[in-house]
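Observations on the three-dimensional arrangement
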Amino acid sequence: MTIFIPEDKVLEIKNSADIVEIVSESVLLKKTGKNYVGLCPFHSEKTPSFTVSPQKQIFYCFGCAAGGNIFSFIMKRDGISFPEAARILSKQYGINIPVKTMSKEQEIQRSEREKLFEANRQAMVFFCNNLFSGPSGKLAMQYLNKRGISQETIKIFRIGYAPEGWNNINNFFQKKKIPFDIVEKAGLIVKREKKDGCYDRFRNRIIFPIFNVNMHVIGFGGRVLGDDLPKYLNSPETPIYNKSSSLYGLHRARQKCRQTETVYIVEGYFDLLALHQNGIQNSVATLGTSITTEHVHILRNIIGKDGHVVLVFDSDDAGMKAALRSLGIFMNAEVDAKIMLLPSGHDPDSYLFEFGYQSFFDIGKSAKSLISFLIDTLIDKYGLSVEGKIRVISEMRETLASIDDGVARSLYIKELSERVGIQENAVLEKVRELSFRNRSSTKKNAFLNDEFVRSHRTKGYQKADKKKSFHGKWAKLEQQIIAMMLQFPPVLSEIDERGILDLFEDSRLKAIGDLILAQQDRSDINIVDVINLVDDSEEKGIVASMAFGENKWDYDGCLNILNRFESKRNKKENTLVNKIKEAEKNNDFELVSKLLSKKQKLAVLSEKKKMALLK
Ligand SMILES: [Zn+2]
C-alpha cells in the first residue's frame with residue numbers, strides 16, 4: 001500500500017513531535033549538557049553512546065552509527081516505512097492525515113505485517129464482543145469475576161472470550177472477506193491435517209490479547225474455563241509474534257517501569273492482571289517461556305542500567321528452575337535481579353487477592369538477590385551434609401559457569417563457598433571444569449545474542465562495519481566539510497562557488513553535500529530536512545553524526561579548512577603527474593593509462609570548478 005503523507009502534514013508532525021519524548025518511550029535517557037544519552041536500542045552496549053539532541057531533533061549512536069531524526073528513529077525501531085512512521089506520530093500527536101480509499105490492487109500490496117495486525121485487531125474485537133454480549137459470554141464473565149478481575153481491568157486489557165465451536169472465527173473472517181491465508185498465518189485458525197478446511201484455534205477460552213508497545217495486537221493467549229487441557233494456549237510464532245521477545249502487559253507497564261526504574265516479572269496472565277489492578281503497573285508477564293536474553297534487553301532499555309528486576313515466583317519447583325536458568329542471563333546483562341518468593345500455596349494473583357498490595361510490597365522489600373535465593377533453596381533442599389554440599393555445588397556450577405563477567409563470577413563463588421563451608425578453590429575448580437567444557441556453548445549463546453540484536457535492532461552492527469570502510473584517505477577532510485555545512489550554513493555559498501564538492505572523492509559524501517547545497521536558498525537549513533531527503537538509512541546516520549559535532553565554527557576557520565582541502569587536492573594532482581612520468585620511464589603502460597584516466601577525471605573536476613567561478 002502506498003500511503004501518501006502530504007508535505008504540510010509532515011511539517012505539522014515535525015513541529016509538534018519531540019524526539020526526546022518519542023525516544024524516551026523505549027530508551028531511558030539522561031540529560032548531559034545540551035544532549036540526552038541512553039543505551040542504544042539498536043545494538044547491545046553497556047555504557048550509553050546513544051545521543052539525542054533536543055535542539056537539533058536528531059539522534060546518533062556513537063557505537064553503531066545509527067542516526068537520524070524522529071521519523072528515522074521510529075522506522076528503525078519498528079522496522080517500518082516512512083509513511084507508517086508518520087502515521088504513528090500523527091496519531092500520537094492528534095494530527096489528522098486524510099486517508100485515500102484504496103483500490104483492490106493497493107489492498108493486495110499492503111504489507112503482510114499490517115494485514116496480520118489488522119486480522120488480530122478484528123479478532124480481538126470479535127472476542128471482546130463475545131465476552132460482553134455473546135450467548136455464552138456470561139459464563140466467561142462469571143469466571144473472570146470469580147477470579148477477581150474488575151470490569152475496568154477487563155476493558156483496559158481488552159480481555160475477550162472465544163466461544164465454543166469450530167468455526168466461529170473462521171465464519172467471522174469469511175464474512176469480512178479477509179483472506180484465509182492471512183487468518184491462518186495470524187494463527188487464529190488451523191488447517192485440518194487430513195481433510196480440507198480448517199478450524200478455530202481458540203475455542204471456549206478466555207482470550208488475552210497480547211500487544212506490542214505500539215498497541216498492535218501481535219498474538220493471543222487463551223485460558224480454558226474449566227479444567228480442560230491445555231490450561232493455556234498461545235498463538236503460534238507468526239511474522240509478528242515472537243514469544244521470546246514479547247512480554248504481556250508491557251504496553252501498559254512501560255511508563256511506570258521507567259519512572260520507578262523497577263519491573264516485576266510474573267509468569268501468568270492472571271498474575272499480571274492482579275498486579276496491575278492493585279496499582280503495581282510496573283509489571284509484565286512472560287508468555288509461556290522462561291526469561292530470555294531478549295526480554296532482559298528490552299526491560300533494561302526501559303528501567304536503565306541501574307534499574308531493578310524483581311522476579312515474582314510461586315514457591316514451586318518450576319519457579320525455582322526458571323530462576324536458575326535466568327540467573328546467567330541477568331548477570332550477563334548486568335541487571336540487578338531479585339527474587340520475591342510468595343508463601344507456599346500462593347501465586348501473586350491469589351496473594352494480592354487475599355492480603356492486598358501493602359503486604360505484597362513488604363515481601364518485595366525483603367526480596368533476596370537471585371544468587372542468595374538459589375543457594376538458600378538448594379541448601380534447604382539438600383541440607384549441609386557432605387553429600388548435600390556436593391549436590392548444592394554441582395547444581396550451582398552450571399549457572400556460575402555461564403556468567404561471563406569474571407569479577408561477578410568470583411564474587412558468587414566466594415559467596416557459595418562461604419555458605420556451604422567449602423574452600424573457595426575447590427568450588428572454583430568445579431566451576432572451571434565446566435567452563436572449559438562449556439566454552440563452545442557459551443560462545444553459541446553470545447552468538448545468539450548478536451543474532452537477536454541483528455534481527456531485532458535493524459542493521460546496527462553491519463552499519464558500524466560499513467562505516468569503517470568509509471574512512472578513506474580524504475574522507476576525514478570531506479566529512480569535516482560536510483559537518484561544517486550542516487553546522488555553519490553561512491559557509492555554504494563559498495563552498496558552492498568554489499565547487500568544493502566536485503573535488504570530493506567519496507561519492508556518498510558528495511551526494512549529501514549536494515543535498516545540503518540544494519537547501520541553501522531556504523532561510524534556514526534544517527538538518528531534519530536534509531535527513532528526510534536522504535533515502536539510505538546509513539546515510540541518514542552519517543548526516544546525523546556530522547550534525548552532532550560541537551565544533552565552534554567561524555568563517556575564517558572554515559575558509560582555512562577549505563583552502564587546505566583544495567591545496568591537498570592540487571598536490572595530489574601534481575604527484576599524479578610525477579607518477580605518470582615514472583610509469584612511462586618504466587614502460588608500465590597499464591599503470592600509465594590508469595593514472596591518465598585518473599588525471600582526466602581530476603581535470604574535468606577542476607574545469608567544472610573554474611566554470612562555477614565564472615558564473
Ligand atoms: Zn547503537
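Since the structure is predicted, the reported quantities are computational estimates derived from the model, not experimental observations. (Residues numbered from 1 in each chain as written. Predicted model: local features only at pLDDT ≥ 70, side-chain atom pairs only at ≥ 80, totals over all residues. Heavy atoms only, no water.)

Further remarks concern the overall build of the chain. For the chain, the count of helices and strands is 27 helices and 16 strands. Looking at the chain as a whole, 51% of its 615 residues qualify as buried. Of the contacts made within the chain by residues no fewer than 6 positions apart, 66% connect residues no fewer than 24 positions apart. Total accessible area on the chain stands at roughly 30700 Å², and carbon and sulfur atoms take up 51% of it. (Helix = DSSP H or I, 4+ residues; strand = E, 2+ residues; numbered from the N terminus. Buried < 20%, exposed > 50% of the residue type's maximum accessible area, 1.4 Å probe, protein only. Contact = heavy atoms within 4.5 Å. Areas by Shrake-Rupley, 256 points an atom, 1.4 Å probe, with all protein chains shown as cover.)

This brings us to the nonpolar core. By size, the foremost hydrophobic cluster in this structure holds 61 residues, and its most contacted members are Phe127, Ile159, Phe173, Phe220, Tyr248, Met340 and Phe360. Among the elements that take part in this core, helix H6 (residues 112–133) stands out by supplying nine residues, more than any other. Dropping the residues within four chain positions of it, phenylalanine 173 is found in contact with Ala119, Gln122, Ala123, Ile178, Val183 and Leu188. Counting residues in hydrophobic clusters, the runner-up holds 48 residues, among them Ile298, Phe313, Leu374 and Val420. (Core = buried A, V, L, I, M, F, W, Y, C linked by side-chain atoms within 4.5 Å.)

To continue, consider unusual backbone geometry. With the exception of glycine, most residues fall at negative phi, and the peptide bonds are largely trans. Cis peptide bonds are those with omega within 30 degrees of zero, and the linkage from leucine 229 to proline 230 qualifies with -5°. Looking at where proline 230 falls in the secondary structure, it is placed in the loop between strand S10 (217–224) and strand S11 (232–234).

Quick look at the coordination of the zinc ion now. Note on the zinc ion: its protein donors are Cys40 (SG), His43 (ND1), Cys61 (SG) and Cys64 (SG). The metal-donor distances range over 2.1 to 2.4 Å. Given four donor atoms and angles of 104 to 116° at the metal, the environment of the zinc ion is assigned as tetrahedral. Each donor residue of the zinc ion belongs to the same chain, and together they define the spacing C-x2-H-x17-C-x2-C. You can see cysteine 40 sitting in the loop between strand S2 (35–38) and strand S3 (50–53) and its partner cysteine 64 sitting in the loop between strand S4 (58–61) and strand S5 (67–69), a full 24 residues away along the chain. Relative accessible area serves as the criterion here: at 1%, cysteine 64 is assigned to the buried category. (Donors = N, O, S within 2.8 Å, 3.2 Å for Na, K, Ca; no water. Tetrahedral: all angles 85-135°; square planar, octahedral: opposite > 155°, others 65-115°.)

This brings us to helix H18 (residues 406–420). For H18, which comprises 15 residues, the first-to-last C-alpha distance of 21 Å matches the rise-based estimate of 21 Å (1.5 Å per residue) to within 8%. Buried residues of H18: Ala408, Tyr412, Ile413, Leu416, Ser417 and Val420, and no others. Projected onto a plane normal to the axis of H18, the buried residues spread over an arc of 165° and lie on a single side. Exposed and facing more than 90 degrees away from the buried side of H18 are Val407, Leu411 and Glu418. (Expected span 1.5 Å × (residues − 1). Arc of directions from axis to C-beta.)

Let us look at the pairing of S2. Sheet topology note: the strand S1 (residues 30–32)/S2 ladder contains three bridges and is antiparallel. Paired with lysine 31 across the two strands is tyrosine 36, which belongs to S2. Two elements, S2 and S3, share three bridges in a ladder whose sense is antiparallel. Across the sheet, the residue bridging to valine 37 is threonine 51, located in S3. (Pairing = 2+ DSSP bridges.)

Turning our eyes to something else, we now look at the packing of aromatic side chains. One pass over the structure, following the stated rule, counts 27 aromatic pairs. When the ring of phenylalanine 504 is compared with that of phenylalanine 565, the centres are 5.6 Å apart and the planes differ by 70°; the resulting orientation is edge-to-face. With phenylalanine 504 in the loop between helix H22 (492–497) and helix H23 (507–518) and phenylalanine 565 in helix H26 (residues 555–585), the pair connects residues that are 61 residues apart, well separated along the chain. You can call phenylalanine 565 buried: its relative accessible area is 0%. Over the aromatic face of phenylalanine 42 sits the side chain of lysine 76, whose NZ or CZ is 5.2 Å from the ring centroid. The lysine or arginine in question, arginine 147, covers the ring of phenylalanine 270, its NZ or CZ lying 3.9 Å from the ring centre. (Phe/Tyr/Trp six-rings, centres within 6.5 Å; stacked < 30°, edge-to-face > 60°. Lys NZ or Arg CZ within 6 Å of the ring centre and 35° of its normal.)

Where helix H16 (residues 370–382) contacts helix H17 (residues 386–401), the axes come no closer than 9 Å and their chain directions differ by 150°. Taken as axis vectors, H16 and H17 run roughly antiparallel relative to one another. Relative to H17, H16 is oriented so that their crossing is right-handed. Residue-level contacts link Ile371, Leu374, Ile375, Leu378, Ile379 and Tyr382 of H16 to Gly388, Arg391, Val392, Glu395, Met396 and Leu400 of H17. (Axes fitted to C-alpha atoms, helices over the stretch in contact; angles between N-to-C directions. Parallel < 35°, antiparallel > 145°, perpendicular 65-115°, else oblique. Left-handed = near helix turned anticlockwise from the far one by under 90°.)

As for its placement among the helices and strands, tyrosine 93 is situated in the loop between helix H4 (82–92) and helix H5 (104–109). Discounting chain neighbours no more than four positions away, the residues touching tyrosine 93 are Ser16, Ala17, Asp18, Glu21 and Ile22.

End to end, helix H25 (residues 537–548) covers 17 Å across twelve residues, agreeing with the expected 16 Å (1.5 Å per residue, within 8%). For H25, the buried fraction is high: eleven of the twelve residues fall into the buried class.

Moving on to the sheet that holds S3. Overall, antiparallel pairing links the five strands, which are arranged S1-S2-S3-S4-S5 in an open sheet. At either end of the open sheet lies a strand with only one pairing partner, and these are S1 and S5. Adjacent strand axes in the sheet meet at a mean angle of 25° when their direction is disregarded. Here S4 pairs with S5 via three bridges, running antiparallel. Looking at S5, one finds that phenylalanine 59 is bridged to glycine 68. Across the sheet, helix H3 (residues 70–78) lies against S3, S4 and S5, angled at about 120° from S5, the strand it touches most. Against the sheet, H25 makes contact with S2, S3, S4 and S5, and its axis sits at roughly 100° relative to S4, the strand it touches most.

Treat this as a map of the structure, not an account of what it does.
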